[in-house]
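Here are the chains, one letter per residue:
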Amino acid sequence: DERLALPHSRPGLLSMANMGRDSNGCQFFVTLQPAPQLDGKHVVFGRLVAGMALLRQLEEMPTDATERPATPIVITRCGALSRAEALAATAA
């Protein structure tokens, strides 16, 4: 299935947790700190190129007993990078 070669070595990495072979279920997440315990289990497929300050603000949001945000957090404008923007971000 997925390549598990990239480590969860720093904040701001985009990763996917697969719910199991042939399950068609997964969760996406952004690392807040290095998470070596996830290496070899979940696939890193990208990184934040902007917005680390916003990520830190989200990290400080209160959570409930199950570690879920106490109030909903909704992404309303995420956009997509053009090819030129993606190449520039990769070079950075």
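Structural data are supplied above this passage.
J.: Account for the packing of aromatic side chains, with residues named and values stated.
T.: Taken as a whole and assessed by the stated rule, the structure comprises one aromatic pair. Summarising the aromatic geometry, the rings of Phe28 and Phe45 are spaced 5.9 Å apart at their centres and angled 85 degrees between planes, so their arrangement reads as edge-to-face. Here Phe28, found in strand 2 (residues 26–30), pairs with Phe45, found in strand 3 (residues 43–47); they are 17 residues apart in sequence, far enough to count as distant. Taking relative accessible area as the criterion, Phe45 reaches 47% and is therefore assigned partly exposed.

J.: Hey, could you go over a nonpolar patch on the surface for me, with residue numbers and the actual values?
T.: A surface patch of nonpolar side chains, amounting to about 320 Å² of accessible area, comprises Leu54, Leu58, Met61 and Ile73. Relative to the helices and strands, Ile73 is located in the loop between helix 1 (52–59) and helix 2 (83–91). A residue is classified by how much of its surface remains accessible, and Ile73, at 39% relative accessible area, is partly exposed.

J.: Which residues make up the layout of surface pockets, and what are the values?
T.: Put simply, the largest pocket is a space of about 1500 Å³. Surrounding the largest pocket, 33 residues form its lining, Phe29, Val30, Leu55, Leu58 and Ile75 being those nearest its centre. Elements with a minimum of two residues in the lining of the largest pocket: strand 1 (13–18), strand 2, strand 3, helix 1 and helix 2. In terms of residue class, the lining of the largest pocket is built from 23 nonpolar, six polar and four charged. Roughly 210 Å³ of internal volume is contained in the second largest pocket.

The rules behind these values
- Residues numbered from 1 in each chain as written.
- Predicted model: local features only at pLDDT ≥ 70, side-chain atom pairs only at ≥ 80, totals over all residues.
- Heavy atoms only, no water.
- Phe/Tyr/Trp six-rings, centres within 6.5 Å; stacked < 30°, edge-to-face > 60°.
- Helix = DSSP H or I, 4+ residues; strand = E, 2+ residues; numbered from the N terminus.
- Buried < 20%, exposed > 50% of the residue type's maximum accessible area, 1.4 Å probe, protein only.
- Patch = residues over 30% accessible without salt bridge, like charges linked within 9 Å, V, L, I, M, F, W, Y side chains within 5 Å.
- Areas by Shrake-Rupley, 256 points an atom, 1.4 Å probe, with all protein chains shown as cover.
- Salt bridge = Lys/Arg side-chain N within 4 Å of Asp/Glu carboxyl O.
- 1 Å grid on protein atoms, 1.4 Å probe; cavity = no way out; pocket = protein on both sides within 12 Å on 5 of 7 lines; lining within 4 Å.
- Points joined across faces, edges and corners; volume = space filled by probe spheres on them.
- Nonpolar A, V, L, I, M, F, W, Y, C, P; charged D, E, K, R; others polar.

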